[in-house]
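As a plain string of letters, each chain reads:
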Amino acid sequence: MLRTHLTGLAAATIAAASVAISATTPAAAQQPQRPAIETTKVEGTEGVYIFRNQNHQAMFIVTKDGVIATDPVAYGRPTGGQAYVDAIKKVTDKPIKYLIYSHHHYDHIQGGKAFKDAGATIIAHKRAKERLAQLGDPNTPLPDQTVGKSKTIKLGGTTLELKYMGLHHSDSQLLMYLPKEKIIFVVDTIPVGSVPGRGMIDFYPLESEQFIKNVLQMDWERLIPGHPGAPNGRLGTKQDAQDQLELLQAASAEMKPLGLSGKCWDEGEKEFKLAKYASWPGYQNGLQFIARRYCGLWGRGT
Ligand SMILES: [Zn+2]
């Protein structure tokens, strides 16, 4: 028996190795050549960039009068906020004027302190401030300014609109819209080319369908997602938004009869399948989260 011959040290080494393997996300596994941290300029724009830290990403905009940054994406990465500030400094010597939190989830906004220390004004939806105040994480400073329905930031010739469009992924999300560039930044509600997963934990299914329909009515051409699009970190299109809407509608339709007939939680979650999406990235891991969320909806009314 090999197992009985393992020394404590060898066992620990194997345990550490398996942790490293399990920490590899499907998206990262497809792109082993990409560095952990990367800044990319969005093609065809004057100053729109994507900062990516492993499997999370954010948009920042460089203008002649300063920088508008979004989402520190530094959860579990104590130096991640500073790494993002440093990445911006490699692109421009202009000051970081604003940091916008897309919503209150730590995986996207922990690490804001580095931006605050750099002099940025932090802005978020008012509900995000309430939630962050309850949670009290010292690495995630409360916003200096809050947004109710909408707010427009104008800086150095760039216009960025912050829009609260109701409940969808979380109750605190601002959609960010660059009307001149026809770009939107939407986090977690509209994954690009992949099946949603853990984001379902704080997700309003029916409201999200309406949200995506409303987003489709807006005048934009490219969507920057909060996680790299599949494949190859691509940006999203209206077709991707339409595809995600149809995925949610299919999930809802699949679970509805199971939920209403009393099969939630265990039986309903086991029977739930989305065969059409079985080949999409994230299906294996995401299915259980989708099933549970829709069981909550149709089995409990939540
Ligand atoms: Zn989230």
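Residues numbered from 1 in each chain as written. Predicted model: local features only at pLDDT ≥ 70, side-chain atom pairs only at ≥ 80, totals over all residues. Heavy atoms only, no water.

Digging into the coordination of the zinc ion
Part 1 of the argument: Protein coordination of the zinc ion is provided by His103 (NE2), His105 (ND1), His169 (NE2) and Asp188 (OD), with donor distances spanning 2.1 to 2.3 Å.
Part 2 of the argument: Given 4 donor atoms and angles of 85 to 171° at the metal, the environment of the zinc ion is assigned as irregular.
Part 3 of the argument: Taken in sequence order, the residues that donate to the zinc ion follow the motif H-x1-H-x63-H-x18-D. Here the residue His169 occupies a position in the loop between strand 9 (158–164) and strand 10 (174–178), and Asp188 occupies one in the loop between strand 11 (183–186) and helix 8 (205–217), the gap between them amounting to 19 residues. Each member of the pair, His169 as well as Asp188, carries the same accessibility label: buried. (Donors = N, O, S within 2.8 Å, 3.2 Å for Na, K, Ca; no water. Tetrahedral: all angles 85-135°; square planar, octahedral: opposite > 155°, others 65-115°. Helix = DSSP H or I, 4+ residues; strand = E, 2+ residues; numbered from the N terminus. Buried < 20%, exposed > 50% of the residue type's maximum accessible area, 1.4 Å probe, protein only.)

Remarks on the pairing of strand 5 (residues 96–100)
Two faces belong to every sheet, and in a regular strand the side chains alternate between them.
Part 1 of the argument: Bridge count for strand 4 (residues 66–70) against strand 5 is 4 bridges, and the pairing is parallel. From the neighbouring strand, Val67 faces strand 5, where its bridge partner is Ile96.
Part 2 of the argument: Regarding topology, helix 4 (residues 80–91) serves as the crossover connection from strand 4 to the parallel strand 5, and that connection is right-handed. (Pairing = 2+ DSSP bridges. Right-handed = clockwise from strand over helix to strand, strands pointing away.)

Brief notes about the sheet that holds strand 12 (residues 222–225)
Part 1 of the argument: The mixed open sheet is built from 5 strands, whose spatial order is 8-9-10-11-12. Strands at the two margins of the open sheet, each flanked by one partner only, are strand 8 (150–155) and strand 12. Along the sheet, successive strands turn relative to each other by an average axial angle of 20°, direction set aside. (Axes fitted to C-alpha atoms, helices over the stretch in contact; angles between N-to-C directions.)

Re the pattern of salt bridges
Part 1 of the argument: Summed over the entire model, instances satisfying the criterion amount to 13 salt bridges.
Part 2 of the argument: The residue Arg52 makes a salt bridge to Glu38 at a minimum N-O spacing of 2.9 Å. Of this pair, Arg52 sits in strand 2 (residues 48–53) while Glu38 sits in strand 1 (residues 37–41); the two residues are 14 residues apart in sequence, bridging distant segments of the chain.
Part 3 of the argument: Among the charged side chains, a network of salt bridges with common partners joins Arg127, Glu130, Arg131 and Asp171. (Salt bridge = Lys/Arg side-chain N within 4 Å of Asp/Glu carboxyl O.)

Focus on the state of the cysteines
Part 1 of the argument: Enumeration according to the criterion identifies 1 disulfide in this entry.
Part 2 of the argument: At a sulfur-sulfur separation of 2.1 Å, the disulfide partner of Cys264 is Cys295. On the sign convention where negative is left-handed, the bridge of Cys264 and Cys295, at about -90° about the S-S bond, is left-handed. On the criterion of sequence distance, the pair formed by Cys264 in the loop between helix 9 (238–260) and helix 10 (266–271) and Cys295 in helix 11 (residues 283–300) is long-range, its members being 31 residues apart.
Part 3 of the argument: Since its relative accessible area comes to 12%, Cys264 is described here as buried.
Part 4 of the argument: For Cys295, a relative accessible area of 0% puts it in the buried group. (Disulfide = S-S within 2.5 Å.)

Some words on the confidence of the model for the protein
Part 1 of the argument: Within the protein, residue pLDDT values average 92, and 89% of them lie at 70 or more.
Part 2 of the argument: Scored below 50 in pLDDT, residues 1–25 shows 3 contacts in the model against residues more than four places distant or in partner chains. (pLDDT = per-residue confidence, 0-100. Contact = heavy atoms within 4.5 Å.)

A word on the packing of aromatic side chains
Part 1 of the argument: Applying the stated criterion to the full structure yields 5 aromatic pairs.
Part 2 of the argument: Look at Phe51 and Tyr84: their rings are 4.2 Å apart centre to centre, the planes differ by 5°, and that puts the pair in the stacked class. Here Phe51, found in strand 2, pairs with Tyr84, found in helix 4; they are 33 residues apart in sequence, far enough to count as distant.
Part 3 of the argument: Of the residues examined, Phe51 reaches a relative accessible area of 0% and is grouped as buried.
Part 4 of the argument: The class of Tyr84 is buried, set by a relative accessible area of 0%.
Part 5 of the argument: Aromatic pair Phe60 and Tyr84: ring centres 6.1 Å apart, planes at 55°, arrangement tilted. Of this pair, Phe60 sits in strand 3 (residues 56–63) while Tyr84 is found in helix 4, placing the two residues 24 residues apart along the sequence. Accessibility classification places Phe60 together with Tyr84 in one group, the buried group.
Part 6 of the argument: By the ring-pair criterion, three or more aromatic residues cluster together here, those being Tyr49, Phe51, Phe60, Tyr84 and Phe115. (Phe/Tyr/Trp six-rings, centres within 6.5 Å; stacked < 30°, edge-to-face > 60°.)

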